Amino acid sequence: MATAGDGPWLDDAAGRLVRPFTVSDGRTRPTVELDLMSQVMATGATPFGYLGPEHAQALDLCRAPLPVAEVAAHLKLPVAVTKVLLADLVDCGGLTTKPPVFAHNPTDRALLEAVLDGLRRQL
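This structure is a prediction, so every number in the text was calculated from the model and none was measured.

(A) Inspection of the pairing of strand β3 (residues 39-42) at higher detail. Pairing between β3 and strand β4 (residues 66-67): two bridges, direction antiparallel. Its bridge partner lying in β4, V40 is registered against L66. Here four bridges tie β3 to strand β5 (residues 95-98), and the two strands are oriented antiparallel to one another. Bridge pairing in β5 places V40 opposite T97.

Take a look at the structure:
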């Protein structure tokens, strides 16, 4: 079993001992509009207010720009919870966000067919 300070409270047999939504105080809606591909990056400013361990972990991850989905994967938290944490950090001045930039039209038929072909080759 992990000790306090080793990151999320985990038990090898049971998994996470703290429910993910307790990390966000039960909140499910972020105060900032975040897409899965939105880029988040630390501002370098010291955030004001209380930060929990997951907030500090997210802030450390975001020293370089990362998409929201990748932050969630690193934190091993659901995306909804991660968005709330990241919005908290934006609200307290610790993070800045940029909307996703798509080089291609995400509904471009040729692009979608190429993705489908790649997926079929994997099966």
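(B) Molecular detail of the packing of helix α3 (residues 68-75) against helix α4 (residues 79-91). Where α3 contacts α4, the two axes come as close as 9 Å, and the packing angle between them is 105°. Compared by their axis directions, α3 and α4 come out roughly perpendicular. Side by side, α3 and α4 meet where V68, V71, A72 and L75 of the first sit next to V79, T82, K83, L85 and L86 of the second. Its residues assigned to classes, the contact of α3 with α4 comprises seven nonpolar, one polar and one charged.

(C) How the structure looks around the nonpolar core. Counting 18 residues, the largest nonpolar core has V40, V71, L86, L89 and L95 as the members making the most contacts within it. Secondary-structure elements contributing two or more residues to this core are α2 (53-61), α3 and α4. Top element by residues in this core is α4. It accounts for five residues. Dropping the residues within four chain positions of it, V71 is found in contact with V40, A58, L61, C62, L66, T82 and L86.

(D) Structural view of α3. The complete set of buried residues in α3 reads V68, V71, A72 and L75. Summarising the axial view, the buried residues of α3 lie within an arc of 100°, below the 170-degree limit, and thus occupy one face. The positive-phi residue at the C-terminal boundary of α3 is K76, with phi of around 55°.

Rules used in this analysis
Residues numbered from 1 in each chain as written. Predicted model: local features only at pLDDT ≥ 70, side-chain atom pairs only at ≥ 80, totals over all residues. Heavy atoms only, no water. Pairing = 2+ DSSP bridges. Helix = DSSP H or I, 4+ residues; strand = E, 2+ residues; numbered from the N terminus. Axes fitted to C-alpha atoms, helices over the stretch in contact; angles between N-to-C directions. Parallel < 35°, antiparallel > 145°, perpendicular 65-115°, else oblique. Contact = heavy atoms within 4.5 Å. Nonpolar A, V, L, I, M, F, W, Y, C, P; charged D, E, K, R; others polar. Core = buried A, V, L, I, M, F, W, Y, C linked by side-chain atoms within 4.5 Å. Buried < 20%, exposed > 50% of the residue type's maximum accessible area, 1.4 Å probe, protein only. Arc of directions from axis to C-beta.

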